[in-house]
Amino acid sequence: MKKKLYVARSPRIAARMLGEEMLVMSGQGSTLFTLNPTATILWQAADGATPLDEIVERRICSEFEVKPEEALRDAEALAEDLAKHGILLISEEPIASHAVVQEQHRP
Amino acid sequence: MSALMQEMSDRALRLGVPLSVQLDLTYRCNEQCVHCYLDHDDHGEMTTAEIKHLLKEMAEAGVFILTLSGGEIFMRKDFFEILEYARALTFCIRLKTNAVLIREAQAARLRDLGVESIQVSIYSHRPEVHDAITKVPGSLRRSVNAIRFLKSLGLKVVIANVLMTENMRDYQGVRALADELGAKYTLDPTITPMMDGGRSTLDLNAGESALRALFRDEFFVGNADEFCAPPPALSEDSMESLPCSAGHTACYVSPYGEFYPCVQFPLSCGNVRQQRFIDIWRDSVQLKEVRSIRLRDLSGCSQCAHGATCTRCPGLAFMEGNMRGPSTADCEKSYARTGIPSKNLLAKKEKSSPPRLVQIQLVPAITGSRLSGMGSSASAAGV
């Protein structure tokens, strides 16, 4: 059986909603990113405690017309990409809450 | 500015979001720099609780880049408590400091809190010059040691070098020091008036020949011939351009809660102790006036040869008496860059010129009577 993945927002990044997009500044080299609406949902839900498949089912499949397996595959690829840039932490175990930044304010 | 940051800034402008704020935590300082524009006495700084409340309001308003400055930020005993709270709200934090109070422990904490960059003021690579400006013996050594601690932990450090009469021959040395330390380097050739309007600090401005040399230095300006070329003519589009981001996507809050368009633009728009941050940002009459100004509205500047390329600071213009007028410091920069005087400089020259000598010709018909005996003295009379 495939192991569950947990994702958490990195405590080293800066982030803010600007309109419909999330602005993210990675501590690694002061690089600025913008997250599209799907990546923003994933980032906001990444609390370190909820498994990725649950996030996909509850937050992504409910919002977009997409098959759960396909959505999970895309979400895993996206999470790995965000992790490479230091924006998300990924683990096969739940991630301690002190390593997670709180959810974003929306102006 | 990166293309993405420019795009975000344009979007923030369209959405009316204050993307970037400078918050001065204190005006107290452990240095007493000769060119400083601040009154260092504490006239009732915001408390820790007040600052935390403000930070929460700023996050809710959409502020992303938060610059914490002073005075000297480390003079506040609650500095790390404030910083920790700000990072929990996921601001992108930039610090401005003299770094004198940063040791290994403080540097490690800044790294752990994910600070984006730390700007450190360095005036010279020579202790006798730097320490004479800060009036603190040993300050250069301590600031440089702090930069080494910060760099050893992988933090981004920017050395900010303000140019003035005292250090105008040293900027190449500071640049070399920045290279050696692995820090970025910025140079600011403008000394500003005191925030209370006092203009005594302006005597320290480096002057035209220093600016001219600077504007030919390709490290700063790229292709010097292009940079110093005569300005292009004003287009219809440029007449509609905004003077700068002050009050549009950026603003400043003082340690006493006063809200200004920019740290260099002391036009009070409200106080965050009495009003919500977002209410001042959205509804302040003063900010609305600042936002309404376009290049076409600027007296003089809209007809000036430098209009399209001028770095005119609306805050400095305000301190000269008219936020729609010219900023003479920027006129002087444009002149040093291109050799072409601005409309404002020409007008000033005209006003300060000594009276022109006018040759008075003697009228033969009356020479022999009314003006006899005055001889040639009449030819030197001025009007």
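Presented here is a report on the structure given in the accompanying data block.

Cut-offs used in this document
Residues numbered from 1 in each chain as written. Chains lettered and ligands numbered in written order. Predicted model: local features only at pLDDT ≥ 70, side-chain atom pairs only at ≥ 80, totals over all residues. Helix = DSSP H or I, 4+ residues; strand = E, 2+ residues; numbered from the N terminus. Buried ≥ 20, exposed ≤ 12 C-beta atoms within 10 Å, placed from the backbone. Contact = placed C-beta atoms within 7 Å. Core = buried A, V, L, I, M, F, W, Y, C linked by C-beta atoms within 7 Å. Nonpolar A, V, L, I, M, F, W, Y, C, P; charged D, E, K, R; others polar. Pairing = 2+ DSSP bridges. Axes fitted to C-alpha atoms, helices over the stretch in contact; angles between N-to-C directions. Parallel < 35°, antiparallel > 145°, perpendicular 65-115°, else oblique. Left-handed = near helix turned anticlockwise from the far one by under 90°. Expected span 1.5 Å × (residues − 1).

## Some details on the overall build of chain A
For step 1, the next point in the chain: The helix and strand inventory of chain A stands at three helices and six strands.
For step 2, the next point in the chain: Ordered by position in the sequence, the α and β elements of chain A form the string β-β-β-β-α-β-α-α-β.
For step 3, the next point in the chain: The buried share among the 107 residues of chain A stands at 32%.
For step 4, the next point in the chain: In chain A, of all internal contacts separated by at least 6 residues, the share reaching a separation of at least 24 is 60%.

## With respect to the nonpolar core
For step 1, the next point in the chain: By size, the foremost hydrophobic cluster in this structure holds 116 residues, and its most contacted members are A:Leu88, B:Val63, B:Leu66, B:Phe91, B:Ile93 and B:Leu150.
For step 2, the next point in the chain: At six residues, the largest contribution of residues to this core is made by helix 6 (residues 139-152) of chain B.
For step 3, the next point in the chain: When neighbours within four sequence positions are excluded, B:Leu150 is seen to be in contact with B:Ile102, B:Ala107, B:Ile118, B:Leu155 and B:Val157.
For step 4, the next point in the chain: The next biggest cluster of nonpolar side chains, apart from the first, holds five residues, and it includes B:Leu295, B:Leu298, B:Cys304 and B:Cys310.

## Considering the interface of chain A and chain B
For step 1, the next point in the chain: Facing 19 residues of chain A, the contacting portion of chain B comprises 21 residues.
For step 2, the next point in the chain: Among the secondary structure elements, those contributing two or more residues to the side of chain A that touches chain B are strand 2 (14-18), strand 3 (21-26) and strand 4 (31-35) of chain A.
For step 3, the next point in the chain: Residue contributions to the side of chain A that touches chain B peak at four residues, all from strand 2 of chain A.
For step 4, the next point in the chain: Residue classes in the side of chain A that touches chain B are distributed as ten nonpolar, seven polar and two charged.

## Quick look at the pairing of strand 7 (residues 250-253) of chain B
All names here are of chain B.
For step 1, the next point in the chain: Of the two faces of strand 7, both are covered, the one formed by Ala250 and Tyr252 as well as the one formed by Cys251 and Val253.
For step 2, the next point in the chain: Sheet analysis places strand 1 (residues 20-24) next to strand 7, joined by four bridges and oriented parallel. Pairing of serine 20 across the sheet is with alanine 250, part of strand 7.
For step 3, the next point in the chain: With two bridges joining them, strand 7 and strand 8 (residues 258-260) adopt antiparallel strand pairing. Its bridge partner lying in strand 8, tyrosine 252 is registered against tyrosine 260.
For step 4, the next point in the chain: If you look at the hairpin formed by strand 7 and strand 8, you'll find four residues sitting between the two strands, and glycine 257 has a positive phi there, around 90°.

## Brief notes about the environment of B:Leu4
For step 1, the next point in the chain: Mapped onto the secondary structure, B:Leu4 falls in helix 1 (residues 3-15).
For step 2, the next point in the chain: Aside from chain neighbours lying at most four places away, what touches B:Leu4 is A:Leu32 and A:Thr34.

## Brief notes about the sheet that holds strand 4 of chain A
Residues and elements named next belong to chain A.
For step 1, the next point in the chain: As summarised here, the arrangement of the three strands in space is 2-3-4, forming an open sheet in which the pairing is antiparallel. Either end of the sheet is taken by a strand with one partner, and the two such strands are strand 2 and strand 4. Here the strands of the sheet are splayed against their neighbours by 20° on average, with no regard to which way each runs.
For step 2, the next point in the chain: Bridge count for strand 2 against strand 3 is five bridges, and the pairing is antiparallel. Within strand 3, the residue paired with leucine 18 across the bridge is glutamate 21.

## Brief notes about the packing of helix 8 (residues 208-215) of chain B against helix 15 (residues 328-338) of chain B
All names here are of chain B.
For step 1, the next point in the chain: One can describe the packing of helix 8 onto helix 15 by two numbers: an axis separation of 8 Å at closest approach and a directional angle of 60°. On the basis of the axis angle, helix 8 is oblique to helix 15. Crossing of helix 8 against helix 15: the hand is right-handed. Residues Glu208, Leu211, Arg212 and Phe215 of helix 8 lie in contact with helix 15, whose contacting residues are Glu332, Lys333, Ala336 and Arg337.
For step 2, the next point in the chain: Tallied by class, the residues present in the contact of helix 8 with helix 15 amount to three nonpolar, no polar and five charged.

## Let's talk about helix 6 of chain B
Residues and elements named next belong to chain B.
For step 1, the next point in the chain: With 14 residues, helix 6 extends 20 Å from end C-alpha to end C-alpha; this agrees with the ideal 20 Å at 1.5 Å per step.
For step 2, the next point in the chain: Those residues of helix 6 lying buried are Ser139, Leu140, Ser143, Val144, Ala146, Ile147, Phe149 and Leu150.
For step 3, the next point in the chain: Those residues of helix 6 that are buried are in contact with helix 4 (104-112), strand 4 (117-121), helix 5 (127-134), strand 5 (157-162) and helix 7 (171-181).
For step 4, the next point in the chain: Positive phi appears at glycine 154, one or two residues downstream of helix 6, with a value of about 85°.

## Points about the sheet that holds strand 3 (residues 92-97) of chain B
Residue and element names in this part refer to chain B.
For step 1, the next point in the chain: Overall, mixed pairing links the nine strands, which are arranged 6-5-4-3-2-1-7-8-9 in an open sheet. Looking at which strands have only one partner, the edges of the open sheet turn out to be strand 6 (184-188) and strand 9 (270-271).
For step 2, the next point in the chain: Pairing between strand 3 and strand 4: four bridges, direction parallel. Within the sheet, the bridge partner assigned to threonine 97 lies in strand 4 and is valine 120.

## With respect to the packing of helix 1 (residues 37-45) of chain A against helix 2 (residues 52-60) of chain A
All names here are of chain A.
For step 1, the next point in the chain: Remark: helix 1 packs on helix 2, axes separated minimally by 10 Å, with the N-to-C direction vectors making an angle of 125°. The angle between helix 1 and helix 2 falls in the class oblique. You can see that helix 1 and helix 2 cross each other, and the crossing is right-handed. Contacts between helix 1 and helix 2 involve Thr38, Ile41, Leu42 and Ala45 from the first element and Ile55, Arg59 and Ile60 from the second.
For step 2, the next point in the chain: Grouping the constituent residues of the contact of helix 1 with helix 2 by class yields five nonpolar, one polar and one charged.

## With respect to unusual backbone geometry
The general pattern is negative phi for most residues beyond glycine and trans for most peptide bonds.
Residue and element names in this part refer to chain B.
For step 1, the next point in the chain: Backbone torsion omega between glycine 70 and glycine 71 reads 25°, so that peptide bond is classified as cis.
For step 2, the next point in the chain: Looking at the secondary structure, you find glycine 71 in the loop between strand 2 (65-69) and helix 3 (79-88).
For step 3, the next point in the chain: Phi is positive for lysine 135, close to 60°, though the residue is something other than glycine.
For step 4, the next point in the chain: Within the secondary structure, lysine 135 is located in the loop between helix 5 and helix 6.

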